[in-house]
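Single-letter residue listing:
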Amino acid sequence: MKDGVPEGQAQDGPTWAGDPPPAVAPFGPGDWARIAMRGAPLGLLVFGGLACLLLVRLVERPLFGPRRPVTPWITRGVCSAAFVCLGMRRRACGRPLVGEGAAVANHASWLDIFALNAGDAVYFVAKAEVAGWAGIGWLARATGTLFIRRNRGDAAAQTRRLRKRLEQNHRLLFFPEGTSTDGRRVLPFKPTLFAPFFADHLKDELQVQPITVKYTAPMGEDPRFYGWWGDMEFGTHLLRILAVRRPGSVEVIYHPPLRVAAFPGRKALAQACEAQVRTGLEA
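Residues numbered from 1 in each chain as written. Predicted model: local features only at pLDDT ≥ 70, side-chain atom pairs only at ≥ 80, totals over all residues. Heavy atoms only, no water.

**Q** How should the overall build of the protein chain be read in this particular structure?
**A** In terms of helices and strands, the protein chain carries 7 helices and 10 strands. Its C-alpha atoms put the protein chain at 60 × 55 × 35 Å along the principal axes. The 283 residues of the protein chain split such that 47% are buried. Relative to all contacts within the protein chain whose residues are 6 or more apart in sequence, the contacts with residues 24 or more apart total 74%. Just so you have it, the protein chain exposes about 14,000 Å², and 58% of that area is on carbon and sulfur atoms. Between the averaged position of the 36 positive side-chain charges in the protein chain and that of its 24 negative side-chain charges there is a distance of 5 Å. (Helix = DSSP H or I, 4+ residues; strand = E, 2+ residues; numbered from the N terminus. Buried < 20%, exposed > 50% of the residue type's maximum accessible area, 1.4 Å probe, protein only. Contact = heavy atoms within 4.5 Å. Areas by Shrake-Rupley, 256 points an atom, 1.4 Å probe, with all protein chains shown as cover. Lys, Arg positive; Asp, Glu negative; His and termini not counted. Charge placed at Lys NZ, Arg CZ, Asp CG, Glu CD.)

Right under this line is the structure:
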């Protein structure tokens, strides 16, 4: 134990530290060939899809305002095709939530965004720093991500913004662990972001769906291969995934939705969601 946290689950501030990531071996000619073969179509797909989405949004915004009846389908198509480019298999178990509500999931990698967007029209809730990340930040803003700050002084304002998006029937999806891990564990869920669900005019109608994202590493690779945590660099991690000879897979498990009104408060709901997600990962 370290500061009351099991070894391997220690956190340095907002970022999960855990054990050091595996060393990255130098890339050989075959690795660079696979990087080019997979990376070129992936780049064209993502940025071509982004351009298409922005063009459609020019018409969608004045007609529908904050509602997005068309562009989420572009996002889903791009994210589904991304796994084809990567050579990864994506499996889904269960069904996404139907009707008003939100979703929560464990967080293992930047790939989670593709895995979760491929199966449902969702709007991510992310820390404000993500908006400034090259590549990922652009995509996040274009797809309607809600950025929030972790300052306690901003809590009331963040809650109001979350409620507003829920009232607009946006399916919000957030990662209650507050950080990404190596994909082999579920950290305790922070209950703060569950508070908006308990607004008097929302709690009787809303449901929250727990989702487990579960990666299987390529044969012969470290089981944490797809995990992205600590101070790992995005570019290096992306290259490793593009270069691997035989890619692994990802499974998205949609658990039964939980009715908000069935719980006495945000802490109880957070614990119930955490238990479902943990069960899916450990199965």
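**Q** Would you explain the packing of aromatic side chains in this entry?
**A** Each aromatic ring pair is characterised by the separation of its centres together with the angle its planes make. Under the definition given, this model contains 11 aromatic pairs. Considering the side-chain rings of Trp-228 and Phe-234, the 6.2 Å spacing of their centres and the 70° angle between planes classify their relative orientation as edge-to-face. Among the residues examined, Trp-228 registers a relative accessible area of 12% and is labelled buried. (Phe/Tyr/Trp six-rings, centres within 6.5 Å; stacked < 30°, edge-to-face > 60°.)

**Q** Sorry if this is basic, but what is going on with the packing of helix H1 (residues 29-64) against helix H6 (residues 234-243) here?
**A** Helix-helix packing is described using two parameters, namely the angle between the two axes and the distance between the axes. Look at H1 against H6: their axes get within 7 Å of each other, and the N-to-C directions meet at 105°. On the basis of their axis angle, the class for H1 and H6 is roughly perpendicular. Together, Asp-31, Trp-32, Arg-34, Ile-35, Arg-38, Gly-39 and Leu-42 of H1 and Leu-239, Ile-241, Leu-242 and Ala-243 of H6 make up the contact between the two elements. Tallied by class, residues from the contact of H1 with H6 come to 7 nonpolar, 1 polar and 3 charged. (Axes fitted to C-alpha atoms, helices over the stretch in contact; angles between N-to-C directions. Parallel < 35°, antiparallel > 145°, perpendicular 65-115°, else oblique. Nonpolar A, V, L, I, M, F, W, Y, C, P; charged D, E, K, R; others polar.)

**Q** Explain the pattern of salt bridges to me, please; I cannot follow it from the model alone.
**A** Two side chains of opposite charge can pair, provided their charged atoms sit close to one another. Counting across every chain of the model gives 6 salt bridges. Note that Arg-57 and Glu-60 form a salt bridge whose closest N and O atoms lie 3.1 Å from each other. Of the two residues, Arg-57 and Glu-60 are both situated in helix H1; the distance of 3 residues between them amounts to about one turn of the helix. The class of Glu-60 is buried, set by a relative accessible area of 2%. (Salt bridge = Lys/Arg side-chain N within 4 Å of Asp/Glu carboxyl O.)

**Q** Sorry, what's going on with the nonpolar core here?
**A** A general trend in soluble globular proteins is that nonpolar side chains are found buried together. Of all hydrophobic cores here, the largest spans 45 residues; its most connected members are Met-88, Leu-111, Leu-116, Leu-173, Ile-211 and Tyr-215. Examining the composition of this core, we find that 5 residues originate from one element, helix H2 (residues 71-86), more than from any other. What Leu-111 contacts, discounting residues up to four positions off in sequence, is Phe-83, Leu-86, Met-88, Tyr-215, Tyr-226 and Ile-241. With 27 residues, the next largest nonpolar core counts Leu-146, Leu-166, Phe-198 and Val-208 among its residues. (Core = buried A, V, L, I, M, F, W, Y, C linked by side-chain atoms within 4.5 Å.)

**Q** What is the right way to look at the layout of surface pockets in this model?
**A** Leftover empty space is mapped by rolling, across the atoms, a probe with the size of a water molecule. In this structure, the second largest pocket occupies an estimated 360 Å³ of space. Contributing to the lining of the second largest pocket are 18 residues, with Arg-68, Ala-121, Tyr-123, Asn-169 and Arg-171 lying nearest its centre. A per-element tally of the lining of the second largest pocket places H2 first, with 3 residues. Looking at the lining of the second largest pocket residue by residue, the classes come out as 7 nonpolar, 5 polar and 6 charged. (1 Å grid on protein atoms, 1.4 Å probe; cavity = no way out; pocket = protein on both sides within 12 Å on 5 of 7 lines; lining within 4 Å. Points joined across faces, edges and corners; volume = space filled by probe spheres on them.)

**Q** Honestly, empty space enclosed by the protein in this entry has me stumped. Any pointers?
**A** Tallying each qualifying case throughout the model produces 4 cavities of 30 Å³ or more. For the largest cavity, the calculated volume is near 80 Å³. Along its surface, the largest cavity is lined by 14 residues, and Pro-72, Thr-75, Val-122, Tyr-123 and Thr-143 are the ones closest to its centre. Elements that contribute at least two residues to the lining of the largest cavity include exactly H2 and strand S5 (123-127). No other element matches the 4 residues that H2 contributes to the lining of the largest cavity. Tallied by class, residues from the lining of the largest cavity come to 7 nonpolar, 4 polar and 3 charged.

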